[in-house]
Structures are given as structure tokens and as C-alpha cells.
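Reading the structure
The chain contents come next:
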Amino acid sequence: AAVVVAVDGPAGSGKSSVSKAASRALGYAFLDTGAAYRALTWQALESGIDTADAAAIVALLDGFDYRTTVTDEGTRVTVGDADVTDAIREPRISAVVSDIARVPEVRLALNDAFRRMIRETDAPGIVVEGRDITTVVAPDAAVRILLTADEAVRIARRSAELAPGTASTAGQLRERDARDAQVVDFLTAAPGVVTIDSTELDFDQTVQAVVGLVND
Ligand code: C5P
């Protein structure tokens with residue numbers, strides 16, 4: 001079976017870019033679980049569903065045709081025929097994705113899908129990142145990491161990632177973390193989970209810290 005590297009952490013911790021780079025360095029596959037929550041949110045908005053309407057969200061799960069395809073230009077995310085790779089990163093999605101992530105049926109369905117993707121990978125390993133990977137999705141992963149950074153640093157990194165002029169405030173990031181933390185605790189490391197604090201590390205050093213734990 002593939003070596004599973006589970007990475008959790010708050011928004012703006014660099015989880016996604018660090019996990020992706022670590023997976024490349026290791027020759028492993030990469031699974032961004034937040035992308036699935038974002039894609040379901042995109043589907044809800046596309047269908048004109050109020051994201052606070054849990055029953056309507058659960059009803060969407062049935063026909064939810066979520067796929068990721070690895071191409072030369074990176075991973076593309078599609079829902080049905082629509083390429084939503086860029087759309088799922090828009091602030092209108094980030095603003096309401098927590099509504100969807102708090103619905104228990106959504107978490108169960110997506111977690112099943114994540115576990116299947118982990119099982120079916122043909123790579124020698126897979127780096128899986130999210131909020132509850134070390135605790136719920138893959139608690140028996142070979143390597144379990146909580147990636148953190150001081151809030152000011154996370155906010156600065158996230159603003160640097162966004163297109164110039166994109167409105168995303170410190171308040172939005174803080175609010176999303178606070179709402180997400182009501183559902184899963186990704187701010188404290190569960191027993192056996194190694195914390196990597198990237199506050200004082202640059203990108204490459206953080207990637208090396210992850211890779212180092214895998215090669216240990
Ligand atoms: O990681 P990212 O910021 O793209 O995640 C988007 C949202 O998806 C999070 O704010 C959270 O609400 C949800 N999420 C989750 N559990 C995961 C991954 C993401 O609840 N494992």
C-alpha cells in the first residue's frame with residue numbers, strides 16, 4: 001500500500017503549496033481535500049442553493065461529479081463538464097465553504113471518497129492535506145504533520161498569494177479558521193502528530209522539513 005503522509009493546518013499555513021512541493025520531491029501523489037469542499041460549494045452556488053440549507057446541500061451529494069486530473073500545467077478540478085480549478089479559489093467560495101464543511105453528511109461522503117482515492121493511488125505514496133486528515137481521514141498514516149505558522153505570517157502569505165486587488169482581509173481568514181475550528185480541531189496536534197511551525201522557515205525549508213520526516 002502507498003505511504004500516506006497526512007498534513008493538517010489552518011488557512012494560509014502554506015499547507016497546500018508545501019504539500020504539493022513535498023509530494024513532487026518524494027515522487028508521491030497529492031490530494032488537496034479542501035478542493036473537494038470548495039468544488040461542492042461551487043456546485044451549490046451554481047445551483048442557486050443557499051449554503052446554509054443543509055438538507056439542500058446533502059441532496060447535491062448524489063449527483064456531485066467531482067474529478068481531479070493531473071496535467072502538465074498542474075492538477076485540474078472539474079465538476080461535471082465545468083473546469084472549476086480557478087473558480088474554487090475565488091473569495092465568494094472561501095466566504096461560504098465553512099457552511100458546507102460543517103454538514104456531517106458532507107464530511108462522511110467526502111471522507112469516503114478521499115479514502116478511496118488514497119487506496120487507489122498507483123504512486124508509492126500520497127501526501128494528503130486538509131483539516132482532519134491526521135485525525136479522521138487517515139489517522140493511521142505513516143507520517144502525520146500539523147503545519148502551523150503565527151497568524152500574522154499566515155495572513156501576509158495568503159495576501160501575497162492572491163491576485164493584486166483581490167479583496168481578502170485578515171478578518172476573513174480569521175473568521176473562516178474560527179468557524180472551521182468549531183467542526184474539527186486543526187489547531188492542536190493530536191497524539192503522535194508532529195508539529196512543523198513554519199513561522200521562521202522559508203518555503204524550501206518547510207518542504208524539506210516535511211520530506212525529512214518521511215525519509216526519517
Ligand atoms: O484548505 P482549504 O482552505 O482549501 O479548505 C477550504 C475549506 O474546506 C476549509 O475552510 C474547511 O471549511 C473545509 N475543509 C474541511 N476539511 C478538510 C479540508 C477542508 O472542512 N479536510
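Below, the structure is looked at part by part. (Residues numbered from 1 in each chain as written. Predicted model: local features only at pLDDT ≥ 70, side-chain atom pairs only at ≥ 80, totals over all residues. Heavy atoms only, no water.)

The next subject is the packing of helix α3 (residues 54-61) against helix α6 (residues 104-120). It is the contact of α3 with α6, at a shortest axis distance of 9 Å, that shows an interaxial angle of 20 degrees. Considering their axes alone, α3 and α6 lie roughly parallel with respect to each other. In the packing of α3 onto α6, the handedness of the crossing is left-handed. Residue-level inspection shows I57, V58 and L61 of α3 in contact with α6, the latter providing E105, V106 and A109. Classifying every residue of the contact of α3 with α6 gives five nonpolar, no polar and one charged. (Axes fitted to C-alpha atoms, helices over the stretch in contact; angles between N-to-C directions. Helix = DSSP H or I, 4+ residues; strand = E, 2+ residues; numbered from the N terminus. Parallel < 35°, antiparallel > 145°, perpendicular 65-115°, else oblique. Left-handed = near helix turned anticlockwise from the far one by under 90°. Contact = heavy atoms within 4.5 Å. Nonpolar A, V, L, I, M, F, W, Y, C, P; charged D, E, K, R; others polar.)

Next up on the list: the side chain of T121. By the element assignment, T121 lies in the loop between α6 and β6 (125-130). According to the relative accessible area criterion, T121 is buried, its value standing at 18%. Within the structure, T121 has its side chain in polar contact with the backbone nitrogen of A123 (distance 3.3 Å). Ignoring sequence-local partners within four residues, the contact set of T121 consists of A2, A29 and I126. (Buried < 20%, exposed > 50% of the residue type's maximum accessible area, 1.4 Å probe, protein only. Polar contact = N/O pair within 3.5 Å; in protein donor to acceptor, adjacent residues only side chain to side chain.)

Let us look at the environment of I145. Here I145 shows up in strand β7 (residues 143-148). Accessibility expressed as a relative area gives 0% for I145, which makes it buried. Non-local contacts of I145, meaning those with residues more than four positions away in its chain, are made with V5, A6, V7, D8, T134, V193, V194, I196, V210 and L213.

Let us look at the packing of helix α2 (residues 33-46) against α6. The N-to-C vectors of α2 and α6 enclose an angle of 135 degrees; their axes lie 11 Å apart at closest approach. The orientation of α2 with respect to α6, classified from their angle, is oblique. In the crossing of α2 with α6, the sense of the turn from one axis to the other is right-handed. Contact with α2, carried on its side by T33, A36, Y37 and L40, involves V106, R107, L110, N111 and F114 of α6 and no other residues of that element. By residue class, the composition of the contact of α2 with α6 is six nonpolar, two polar and one charged.

Bringing the sheet that holds strand β1 (residues 3-8) into the picture now. Ordered in space as β2-β6-β1-β7-β8, the five strands form an open sheet in which the pairing is parallel. In this open sheet, the two edge strands, each paired with only one partner strand, are β2 (29-32) and β8 (194-197). Sheet twist, expressed as the average angle between the axes of neighbouring strands with direction ignored, equals 20 degrees. Pairing between β2 and β6: four bridges, direction parallel. Its bridge partner lying in β6, A29 is registered against I126. The sheet strands contacting helix α1 (residues 15-26) are β1, β2, β6 and β7, and the helix crosses β6 at an angle near 180 degrees. (Pairing = 2+ DSSP bridges.)

For the ligand, the set of nearby residues contains 15 residues, the closest of which are R38, R107, D132, R176 and D180. In the environment of the ligand, a nitrogen atom lies 3.1 Å from a nitrogen or oxygen atom belonging to the side chain of T33. R38 is positioned such that a nitrogen or oxygen atom in its side chain is 2.7 Å from an oxygen atom of the ligand. Relative to its free-state accessible area of 450 Å², the ligand is covered by the protein chains to the extent of 96%. Elements with a minimum of two residues in the shell around the ligand: α2, α5 (97-101) and α9 (170-181). The biggest single contributor to the shell around the ligand is α2, with four residues. Of the residues assigned to the shell around the ligand, the class counts are three nonpolar, four polar and eight charged. (Near = heavy atom within 4 Å. Areas by Shrake-Rupley, 256 points an atom, 1.4 Å probe, with all protein chains shown as cover.)

From the geometry alone we can't say anything about function, so treat these as descriptive.
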